[in-house]
Amino acid sequence: MIFDGVKFLILPNASTAALQFITKLIEDNGGHVIERMSEVHGKILVLVNDSYVTEDYKLRDEKYFRKEFQLDYDAVWQFIFDHDLPCLNVSSVSDWIAKGELNVAHIALIDTSALENDETQENFPSSSANSEQPSPACTAEMKDTKTSHSESETDIEGFVEMSPSSNSPMPAPSVIPDPPVIKANEKYVRLTEIPRMNSQLIDAMQRLYKKYDIKGDHFRSRGYKLAKASIEKCPFQIKSGEQAQLELANIGPSIAKKIQTILASGTLPGLDDSSELDQRLEYFTNCHGIGTHTAKRWLALQYTSFTDVLRGSPQEFVSGWPSLLGWSYFEDWSRKISRTECEKHLSVVKQCLSEIDPDCQVELQGSYNRGSQTCGDIDLLFFKENCDNLVVIAEIFERLVSLLHSRGYIQCILQLTPDLFDEFKSKLKGIFDKCELPFPAKNHFGNDRHIHKYYLGVKLTKHQYRSEELLRAGQYLHLKPCDNFMSSSSKKSENPCRRLDFFCCKWSELGAARIQWTGSGEFNRWIRLRAAKMGYKLTQHGLFKGGQKLESFDEGVIFDTLDVPRIPPEEREQGLWMTKLNEKNTVA
DNA sequence: TGGCAGCGCAC
DNA sequence: GTGCGC
DNA sequence: GCCA
């Protein structure tokens, strides 16, 4: 068998469902997967969970990677570095099995030099003068161009037999001078040349999802979304539609047939010709506040741009004034946000919050909390110890928004209280004037004194933060030229405007609220459906049975009651918690 | 064949 | 009640 | 779309 006598070490651990599947594959083919530190010696092939490997083949999320480590982190890396062990993607296993040979040379190796950057990103001087001269920050962006590729040859097929070397001094990976990276023979290829497993199928599902999503066919689009997640999670190469339907969750006869068509012909008819109509629909729905219903209605009226709507049905933007802001920030709000920028936003908000009520707490939720490298928006949850009175929080919110606005941080608000209207009036009027709409009376803009959530547009100054080159150059949506006159999106040199959400909860409902706002949306639907099947109801206010609240403060107890493991936020991304594979494993 | 999460806010 | 967003 |  192809893995006879070969020992594998799976990092950071082999405990997820997909990795247990891989473990079984390895052992079915004569290999062994290491479980204890005492086994860390001799010939070892190191496999790294694909979700910790970036596209350019570096290690990502070192914090979580370390946290998830099953064995002794330092000792393992010491051993890997000492013996120049090759590190590969876990997904290589299915390639080997498919090819029937263990050929390391054709597989890209993982560049572990990312570990060198441990904790040292974001080193802009916080108090450096804002002069015209090139600041240290600029040069900092150009660091890290050194090549750490070792020249030495490694005979991968015949790793040297080594004795266990566990108790030597163990420098942290960050100080190891020359980690064993990207070295193999000339046949070495970069990951980017190796298509991601089943990427064609994943791409097709994504497009079908999008297609029905913009059409408003909610449930059908969800079907494709779940199918996509299943395929992404699938650790082996899908060979037929039938196989996919048999072995993966959320793949039924219709998708199986489509998979078969793609595998056989390389394309799916009707996939690429995303119709003119669909594209127009998508343009509108990309604007905050415009959903499929409104987009369809506009399309039926022959509108193809926001300017068309403004001319033909100006009332649309008067009653739906938040979409006027969606239009203005169309481009900025489609840009991704780095984790470090999210953290900067938190600190700005925290600073003002402490001036208003030092007892009120705030924390990042959403995709940031799930460990995403980039976020679409920033979600903040506010609460106050032992405070179940939301009026108190609403008042804090109002003062906080006012303070943040006065400091130039808040660009716009999508909900208004009467008091905040007065503060934002001139800004709003400016936008109405720009498109020559009549400015409505005050009571048009929200009459509630207390609101418990705010959707804001916010911007950090250059002094507070500078986006990384890559993110600044990243892809984002563009307005049609005729719509551009309304754009308030950032100029090249500024930071983009960001979407910032404020949520709040009663202290007694903190756990349930954290589940809700940490998401993902798919995870919420899954766990709420599960609750419903068990006769419970789960909302942001708590877990209920027969109208009676069972638990709302302790997240863990909610998971326990629903008989699911206490899934950490990083595993609440779609596809990472429940599939057929997972079910099999939990049943077994 | 019916169900697919559940809620707040604006209109 | 519907549309939208989370 | 998929699933019970």
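Everything in this summary refers to the structure shown in the same document. (Residues numbered from 1 in each chain as written. Chains lettered and ligands numbered in written order. Predicted model: local features only at pLDDT ≥ 70, side-chain atom pairs only at ≥ 80, totals over all residues. Heavy atoms only, no water.)

### Observations regarding the nonpolar core
Counting 79 residues, the largest nonpolar core has Phe-284, Phe-306, Leu-380, Phe-382 and Phe-502 as its most contacted members. Excluding residues within four positions of it along the chain, Phe-306 makes contact with Tyr-283, Phe-284, Cys-287, Trp-298, Phe-317, Trp-327, Phe-330, Leu-479 and Asp-483. Val-46, Tyr-64, Phe-65 and Val-76 belong to the second-largest nonpolar core, a separate cluster that totals 24 residues. (Core = buried A, V, L, I, M, F, W, Y, C linked by side-chain atoms within 4.5 Å. Buried < 20%, exposed > 50% of the residue type's maximum accessible area, 1.4 Å probe, protein only. Contact = heavy atoms within 4.5 Å.)

### What to know about the protein's contact with DNA strand D
The environment of DNA strand D is formed by Tyr-212, Phe-219, Arg-220, Tyr-224, Ala-249, Asn-250, Ile-251, Gly-252, Pro-253, Ser-254, Ile-255 and Lys-258. Of all DNA strand D atoms lying within 4 Å of any protein atom, the proportion belonging to sugar or phosphate reaches 69%. In this structure, Tyr-224 approaches DNA strand D through a side-chain N or O atom, which is 2.9 Å from a sugar or linking oxygen. Between DNA strand D and Gly-252, the relevant distance is 2.7 Å, taken from a phosphate oxygen to a main-chain nitrogen or oxygen of the residue. At the level of elements, helix H7 (218-233) and helix H9 (253-265) are the ones that each hand at least two residues to the surface near DNA strand D. In terms of residue count, H9 provides more of the surface near DNA strand D than any other element does, four residues in total. Taken together, the residues that form the surface near DNA strand D break down as seven nonpolar, three polar and two charged. (Near = heavy atom within 4 Å. Polar contact = N/O pair within 3.5 Å; in protein donor to acceptor, adjacent residues only side chain to side chain. Helix = DSSP H or I, 4+ residues; strand = E, 2+ residues; numbered from the N terminus. Nonpolar A, V, L, I, M, F, W, Y, C, P; charged D, E, K, R; others polar.)

### Regarding the pairing of strand S10 (residues 453-458)
Among the six residues that make up S10, five are buried, leaving the element largely enclosed by the rest of the structure. Where strand S9 (residues 410-413) lies against S10, three bridges are found, and the strand directions are antiparallel. Residue pairing for S10: Cys-412 is matched across the bridge by Gly-457. Bridging between S10 and strand S11 (residues 498-504) involves six bridges; their strand directions are antiparallel. What sits directly across from Tyr-455, in S11, is Asp-501. (Pairing = 2+ DSSP bridges.)

### Comments concerning the sheet that holds strand S6 (residues 360-364)
Read from one edge to the other, the open sheet built from five strands follows the order S6-S8-S11-S10-S9, with strand pairing classed as mixed. Every interior strand has two partners, whereas the edge strands, S6 and S9, have only one. For this sheet, the mean angle separating the axes of adjacent strands, direction not counted, is 30°. Pairing of S6 with strand S8 (residues 378-384) involves five bridges; the strand directions are antiparallel. From the neighbouring strand, Leu-364 faces S8, where its bridge partner is Leu-380. Packed onto the sheet, helix H18 (residues 418-434) meets S9 and S10 and runs at close to 110° relative to S9. (Axes fitted to C-alpha atoms, helices over the stretch in contact; angles between N-to-C directions.)

### Some words on the protein's contact with DNA strand B
Lining the immediate environment of DNA strand B, one finds 16 residues, of which Ser-319, Arg-525, Arg-528, Lys-537 and Thr-539 sit closest. Counted by atom, the contact set of DNA strand B within 4 Å of the protein is 60% sugar and phosphate. A distance of 3.3 Å separates a phosphate oxygen of DNA strand B from a polar side-chain atom of His-452. Looking at the surface near DNA strand B, the elements that each hand over two or more residues are H7, helix H21 (521-533) and strand S12 (537-539). Within the surface near DNA strand B, the residues separate by chemical class into four nonpolar, six polar and six charged.

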